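The residues making up each chain are set out below.
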Amino acid sequence: MSNILRLELILFSIIFLVFVIKTVNKKKLWLQHSLVWIIISCSLILISVFPGIVIWLSDVVKIDTPSNLVYLLGIIALLIISFSHSIVISNQANKIKTLVQMVSIENYIQQKVKEKI
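Every value quoted in this text rests on a predicted model; they were computed, and no experiment measured them.

> Is there a simple way to explain the packing of aromatic side chains in this structure?
Evaluation of the coordinates by the stated rule reveals 2 aromatic pairs. Measuring from centroid to centroid gives 6.3 Å for Phe12 and Phe16, while their planes differ by 15 degrees, and the two rings are stacked. Remark: Phe16 and Phe12 occur in helix H1 (residues 3-25); sequence separation between them is 4 residues, near one turn of the helix. Measuring from ring centre to ring centre gives 6.2 Å for Phe16 and Trp37, while their planes differ by 80 degrees; the resulting arrangement is edge-to-face. Pair noted here: Phe16 is in helix H1 and Trp37 is in helix H2 (residues 31-49), with a separation of 21 residues, a long-range link. Overall, Trp37 belongs to the partly exposed group, its relative accessible area being 26%. Among the aromatic side chains, those forming a connected cluster through ring pairs are Phe12, Phe16 and Trp37.

How each quantity is defined
Residues numbered from 1 in each chain as written. Predicted model: local features only at pLDDT ≥ 70, side-chain atom pairs only at ≥ 80, totals over all residues. Heavy atoms only, no water. Phe/Tyr/Trp six-rings, centres within 6.5 Å; stacked < 30°, edge-to-face > 60°. Helix = DSSP H or I, 4+ residues; strand = E, 2+ residues; numbered from the N terminus. Buried < 20%, exposed > 50% of the residue type's maximum accessible area, 1.4 Å probe, protein only.

Don't take any of this as a statement about function, it's just geometry.
Next up, the structure:
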C-alpha cells in the first residue's frame, strides 16, 4: 500500500469518525447505532496504519489477495448492519400496530360513551 493511499485512508477515516460523533451529538443518530460505525472507522485507521495486519490475516484465512479480505469483511459488516436494522424495523412495526389498535379501541369506547349521553 502506497504512503499516499495510507494517508488518504487515515484522513478519510478520521473525517468519518468526527462526522459520526457530531451526528450523535446532534441527536440525529443513536449511540447504539453509531458504535458499529465507530468500530468500522477505527478499524480502517488501524488497517491503514498497520497494513501488515490485513496481509497476515488474509494468509491465515487462505485468501489470495488482502483486498478480497477487506471486501469480504465489508460485506459481512453491511449484512450485520442490515440485519440489525431489519430487527429494529420489525419491532417498530409491531409497536405501531399495537398503538393503532389501542387508539382504535379508545375511539370506539369514546363514541359509545357519547352515544349514551
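From this point, the narrative continues.
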